[in-house]
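Residue-level structure breakdown
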Amino acid sequence: EIVMTQSPATLSVSPGERATLSCRTSQRVGSNLAWYQQTVGHGPRLLIYGASTRATGIPARFSGSGSGTEFTLTIDSLQSEDFAVYYCQQYNNWPYTFGQGTKLEIK
Amino acid sequence: EVQLLESGGGLVQPGGSLRVSCAASGFTFSSYAINWVRQAPGKGLEWVSAISGGGTSVYYADSVKGRFTISRDNSKNTVFLQMNSLRAEDTAVYYCARDLYASGSYYGVLDYWGQGNLVTVSS
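Residues numbered from 1 in each chain as written. Chains lettered and ligands numbered in written order. Predicted model: local features only at pLDDT ≥ 70, side-chain atom pairs only at ≥ 80, totals over all residues. Heavy atoms only, no water.

**Considering the overall build of chain B**
Quick note on the threshold: The secondary structure listing takes helices from DSSP runs of H or I that are at least 4 residues long and strands from runs of E that are at least 2 residues long, numbered from the N terminus. A radius of gyration in this sense is built from C-alpha atoms; the matching globule rule multiplies 2.2 Å by the number of residues raised to 0.38. Burial classes: relative accessible area under 20% of the type maximum marks a residue as buried, over 50% as exposed, and values in between as partly exposed (1.4 Å probe, protein chains only). For this analysis, residues touch if any pair of their heavy atoms sits within 4.5 Å. Throughout, the Shrake-Rupley method with a 1.4 Å probe supplies accessible areas, and for residues the shown protein chains are the sole cover considered. The sign given to each residue is positive for Lys and Arg and negative for Asp and Glu; His and the chain ends receive no count. By convention, charge coordinates are those of NZ in Lys, CZ in Arg, CG in Asp, or CD in Glu.
On a plain count of helices and strands, chain B comes out with zero helices and 11 strands. What you see for chain B is a C-alpha radius of gyration of 13 Å, in line with the 14 Å of a compact globule of 123 residues. Projected onto the principal axes, the alpha-carbon positions of chain B cover approximately 40 × 25 × 25 Å. By the burial criterion, 51% of the 123 residues in chain B qualify as buried. Sequence-distant contacts, at least 24 apart, represent 56% of the contacts inside chain B between residues at least 6 apart. For chain B, the accessible area works out to roughly 5300 Å², and carbon and sulfur atoms hold 47% of it. A distance of 5 Å separates the average location of the 9 positive side-chain charges in chain B from that of its 9 negative side-chain charges.

Dropping the structure here:
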């Protein structure tokens, strides 16, 4: 099973600033990595797949990069609705695995 | 509009059984693989199981293999998760989620999710 490690566990950033979230995989997954956003009481929302492709309707301030074992989600000009928990997920191997999440909070 | 609606959760005793359902609408159901993902209270996401569009291929997490069974009825646009021999550690909100591509097979990106259904295993 591929182990996903996200850092940091909690990130405090001011509105309007940039947030950078990291995800590391225990084995190479190519570009088969996705990012999801979850707000309290809701199911996750797909943001990025293929490491860098934005899902339908996702604003351009969200961007993903990386390949192999190191991946980054960058959120520019943070809006109030962006403060949430973010998960990375690999889909290169069964079973699909998720990181433990990064909570993005308002500074 | 794509919609996924889970139902069937509730309180069950350890060792008991429960079946949760996922009713879909707004897309050609049989063309998409469907997944179950769970989230224990205050914890992260854990993928549980997946079924191909035609229902001929299934996958399970090791934590549920031999206890859970995924199935689908394409005539009713519904996926089921039969959960047997339930344990306290199965307590979670169970989400169904659609695979991104209409290939009938698996891609692994989950583009639409239901609102979740709570399953509590406790005596």
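Following the structure, the description resumes.
**Section: the nonpolar core**
So the rule is basically this: To form a nonpolar core, buried Ala, Val, Leu, Ile, Met, Phe, Trp, Tyr and Cys residues must be joined to one another through side-chain atoms within 4.5 Å.
Residues Trp35(A), Tyr86(A), Leu104(A), Trp36(B), Leu81(B), Met83(B) and Trp113(B) are the most contacted members of the largest nonpolar core, which totals 73 residues. If near-sequence neighbours (up to four positions away) are discounted, Leu104(A) is found in contact with Leu11(A), Val13(A), Ala19(A), Ile75(A), Leu78(A), Asp82(A), Phe83(A), Ala84(A) and Tyr86(A).

**Side note on the interface of chain A and chain B**
Our working definition: The quantity reported as buried area is the accessible area (1.4 Å probe) lost by two parts once they are put together, taken as the sum for both. By the criterion applied in these results, polar contacts are pairs of N or O atoms within 3.5 Å in which, for protein atoms, one can donate a hydrogen and the other can accept it, and in which residues neighboring in sequence qualify only through two side-chain atoms.
Counting residues at the interface gives 14 residues for chain A, matched by 22 residues for chain B. Summed over both sides, the interface between chain A and chain B buries roughly 1600 Å², with carbon and sulfur atoms accounting for 67% of that surface. Among the residues of chain A in contact with chain B, Trp94(A), Tyr96(A) and Phe98(A) are the three that bury the most area, contributing 38% of the side total. At the boundary of chain A with chain B, the tally comes to six residue pairs in polar contact (both at pLDDT 80 or more). Secondary-structure elements contributing two or more residues to the side of chain A that touches chain B are β4 (33-38), β5 (45-49) and β9 (85-90) of chain A.

**A closer look at the packing of aromatic side chains**
All names here are of chain B. We apply this condition: Stacked, edge-to-face and tilted labels apply to pairs of Phe, Tyr and Trp rings (six-membered ring for Trp) whose centres lie within 6.5 Å, assigned for plane angles under 30 degrees, over 60, and everything in between, in that order. Each ring is checked for a lysine NZ or an arginine CZ that lies within 6 Å of its centre and within 35 degrees of its normal; such an atom marks a charge sitting over the ring.
The full count for this structure, using the stated rule, is 13 aromatic pairs over all chains. Pairing Phe27 with Phe29 gives two aromatic rings, centres 6.1 Å apart and planes at 50°, and the pair type is tilted. Taken individually, Phe27 and Phe29 each receive the classification buried, so the pair is uniform in this respect. Seen in terms of ring centroids, Tyr59 and Tyr106 are 5.3 Å apart; in terms of plane orientation they differ by 80°. Their pairing is edge-to-face. Taken as a pair, Tyr59 in strand β6 (residues 58-60) and Tyr106 in the loop between β9 (92-99) and β10 (110-113) lie far apart in primary sequence, 47 residues in all. Note on Tyr59: relative accessible area 32%, which makes it partly exposed. Residue placement shows Arg72 over the ring face of Phe29; its charged tip is 4.3 Å from the ring centre. Residue placement shows Arg98 over the ring face of Phe27; its charged tip is 4.9 Å from the ring centre.

**Some thoughts on the layout of surface pockets**
Put simply, the test is: Cavities and pockets are found on a 1 Å grid laid over the protein atoms alone: a cavity is a set of points where a 1.4 Å probe fits but cannot escape, a pocket is an open set with protein on both sides within 12 Å along at least five of seven lines, and a lining residue has an atom within 4 Å of such a point. Grid points are joined across faces, edges and corners, and a volume is the space filled by probe spheres set on the points. For this scheme, ten residues count as nonpolar: Ala, Val, Leu, Ile, Met, Phe, Trp, Tyr, Cys and Pro. Four count as charged, namely Asp, Glu, Lys and Arg, and the remainder, Gly too, count as polar.
A volume near 410 Å³ is recorded for the largest pocket. Taken together, 18 residues make up the lining of the largest pocket; nearest its centre are Arg45(A), Leu46(A), Thr56(A), Asp111(B) and Tyr112(B). For the lining of the largest pocket, the secondary-structure elements that each account for two or more residues are β5 of chain A together with β1 (3-7) and β10 of chain B. Of the residues belonging to the lining of the largest pocket, the class tally is 10 nonpolar, four polar and four charged.

**Considerations on the environment of Cys96(B)**
Residues and elements named next belong to chain B. Relative to the helices and strands, Cys96 is located in strand β9. Considering only alpha carbons, one finds Cys96 and Tyr112, 16 residues apart in sequence, at a separation of 8.5 Å. Apart from the residues within four sequence positions on either side, Cys96 is in contact with Leu4, Glu6, Cys22, Ile34, Asn35, Trp36, Tyr112, Trp113 and Gly114.

**Quick word on the sheet that holds strand β8 (residues 78-83) of chain B**
Residues and elements named next belong to chain B. Inclusion rule: A pair of strands is labelled paired if DSSP reports no fewer than 2 bridges between them. In this analysis, axes come from line fits to C-alpha atoms, helices being fitted only over the stretch in contact, and the angle between any two N-to-C directions falls in the range 0 to 180 degrees.
Taken in spatial order, the four strands make up an open sheet running β1-β3-β8-β7, and their pairing is antiparallel. Every other strand in the sheet has two partners, leaving β1 and β7 (68-73) as the edge strands with one partner each. Recorded for the sheet is a direction-independent mean angle of 15° between the axes of neighbouring strands.

**A closer look at the environment of Thr5(A)**
Residue and element names in this part refer to chain A. Assignment of secondary structure puts Thr5 in strand β1 (residues 4-7). Along the backbone, Thr5 and Tyr36 are 31 residues apart, and their C-alpha atoms lie at a distance of 15 Å. When neighbours within four sequence positions are excluded, Thr5 is seen to be in contact with Ser22, Cys23, Arg24 and Gln100.

The values are spatial; any link to function lies outside them.
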